[in-house]
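Per-entry structural report
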There are 2 protein chains.
Amino acid sequence: MDRRTQILRAAARRIARDGVRGLRVTDVAEEADVSPGLLYYHFTDRSGLLSATLDYINAHANDVRARRADAGLSAFAKLEQQLLSEIDDDTEVRENSAAWNELRALAVFETELREPLRRTTSAWIQEVARSVAAVQNDDGTAAASDSTRTATILTALVEGLANRWLAGELTVEEAHGLLSEATARLVHLRPNPLSPPRLKETS
Amino acid sequence: MDRRTQILRAAARRIARDGVRGLRVTDVAEEADVSPGLLYYHFTDRSGLLSATLDYINAHANDVRARRADAGLSAFAKLEQQLLSEIDDDTEVRENSAAWNELRALAVFETELREPLRRTTSAWIQEVARSVAAVQNDDGTAAASDSTRTATILTALVEGLANRWLAGELTVEEAHGLLSEATARLVHLRPNPLSPPRLKETS
């Protein structure tokens, strides 16, 4: 792990533990065991550090997904795995999720966080939209809904469920069950109960 | 407005403006223009005040819904209105939503907030579940899904979309459009694109 990554990892860990209100650049330097000067050299100021932390969390989530990707999975199973991987008791996933959650809540009050948050959220939505489009190409429902809109809904739902998981209201298993169920219904895989069964449904 | 309500209204407004980290009971007393003694008399301590604020926000949301309820609406339109009413540029709705959002984010760090948050969230979920069940009774999809699970998904989605609205990523109209679309798909009102049209769909 290079020094820059080491600092970003420490920032996510520290935010996940103590929140971001009142967080000083020197706290993160201490957590990362580097000099404050090195931190300012890489990120200029607190705002630059928080923005880079959002990018780091997003990139790390992509790495986790890439490592777990299984070429044998159906398009739907890939989409499902992509969404479920955001909620996991793995220490780093949990810390990153808590830090993301905290930075999103803070953006209501610190407007300078809004632009980096919008940028990283948009990148996440586009990743999910590609997977939604792949499912819809598979099962012929593409014309019924816009993949970017569906991805916006799914990622907002992941955030809502992750908040409840982080606050101890849902277990990982409960959050996964609800997310799988919602994903199936939102991308139109479930049969309409009054309609005849479709051949593709069981794939 | 009685004194107790006046204090809770001030607490929500203050949390919506400045966040809850570092918030002191005396700040809320000042905002409400009452003595700190009166505040301690009603709520014992900071924790009691925050817990009562969650109850107040939930009760206020129910009042808004009751005032707007229109007996002529279909069960689906009632459910939709119930969910959409949480995201609105009306000053008090926005302040309550911001305060709720902030208290939920804080519950990750302050564990004593978790129980009141779980209780108020559960009450909200049960309200929504009743409306979901009414829709499903209307269109015969009751057997296909559990109304409490669907309500849990819908309320988590409202929170996820509200966060993005509060952080300036979505307008009220965009959040409403996404929420309406998701609600229709999650409660099975939309026709499956490959299935024949159903009589009830257009009601």
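Refer to the structure printed above.
Residues numbered from 1 in each chain as written. Chains lettered and ligands numbered in written order. Predicted model: local features only at pLDDT ≥ 70, side-chain atom pairs only at ≥ 80, totals over all residues. Heavy atoms only, no water.

Some remarks on the relation of the copies chain A and chain B
Mapping chain A onto chain B is achieved by rotating through 180 degrees and translating by 0.0 Å along the same axis, at an RMSD of 0.0 Å. With respect to symmetry, the two chain copies, as superposed, fit the operation of a two-fold axis. When you check the interface residues of chain A against chain B, 100% turn up at the interface there too, and the contact is symmetric in its surfaces. (Least-squares fit on C-alpha atoms with pLDDT ≥ 70 in both. Contact = heavy atoms within 4.5 Å.)

Here we look at the layout of surface pockets
Gaps left between atoms show up when a probe the size of a water molecule is rolled over them. Each pocket or cavity is described by its volume, and for the largest pocket that value is around 240 Å³. Forming the walls of the largest pocket are 13 residues, and the residues nearest its centre are Ile125 and Thr152 of chain A together with Glu169, Leu170 and Glu174 of chain B. Of all the elements, helix H7 (residues 114-139) of chain A adds the most residues to the lining of the largest pocket, at 5 residues. When its residues are assigned to classes, the lining of the largest pocket shows 3 nonpolar, 5 polar and 5 charged. Arg164, Glu169, Leu170, Glu174 and Leu178 of chain A together with Arg118, Thr121, Ser122, Ile125, Thr148, Arg149 and Thr152 of chain B together form the lining of the second largest pocket. Of all the secondary-structure elements, those providing two or more residues to the lining of the second largest pocket are helix H9 (172-186) of chain A together with helix H7 (114-139) and helix H8 (147-166) of chain B. (1 Å grid on protein atoms, 1.4 Å probe; cavity = no way out; pocket = protein on both sides within 12 Å on 5 of 7 lines; lining within 4 Å. Points joined across faces, edges and corners; volume = space filled by probe spheres on them. Helix = DSSP H or I, 4+ residues; strand = E, 2+ residues; numbered from the N terminus. Nonpolar A, V, L, I, M, F, W, Y, C, P; charged D, E, K, R; others polar.)

Brief notes about the packing of aromatic side chains
For any pair of aromatic rings, geometry is given as the distance between the ring centres together with the angle between the planes. Residues and elements named next belong to chain A. With the rule as written, the count across this model stands at 2 aromatic pairs over all chains. Ring geometry for tryptophan 100 and tryptophan 124: centres 6.0 Å apart, planes at 85 degrees, overall edge-to-face. Remark: tryptophan 124 occurs in helix H7 and tryptophan 100 occurs in helix H6 (residues 91-106); sequence separation between them is 24 residues. For tryptophan 124, a relative accessible area of 5% corresponds to the buried category. It is arginine 94 that lies over the ring of tryptophan 165; its NZ or CZ is 5.1 Å from the centre. (Phe/Tyr/Trp six-rings, centres within 6.5 Å; stacked < 30°, edge-to-face > 60°. Buried < 20%, exposed > 50% of the residue type's maximum accessible area, 1.4 Å probe, protein only. Lys NZ or Arg CZ within 6 Å of the ring centre and 35° of its normal.)

Some details on the side chain of arginine 104 of chain A
Within the fold, arginine 104 of chain A resides in helix H6. Since its relative accessible area comes to 2%, arginine 104 of chain A is described here as buried. At 2.8 Å, the side chain of arginine 104 of chain A forms a polar contact with the side chain of threonine 121 of chain A. Of the polar contacts made by the side chain of arginine 104 of chain A, one reaches the side chain of glutamate 159 of chain A; its length is 2.9 Å. In this structure, arginine 104 of chain A is in contact with Leu117, Thr121 and Glu159 of chain A together with Asn163, Arg164 and Glu169 of chain B, ignoring residues within four places of it in sequence. (Polar contact = N/O pair within 3.5 Å; in protein donor to acceptor, adjacent residues only side chain to side chain.)

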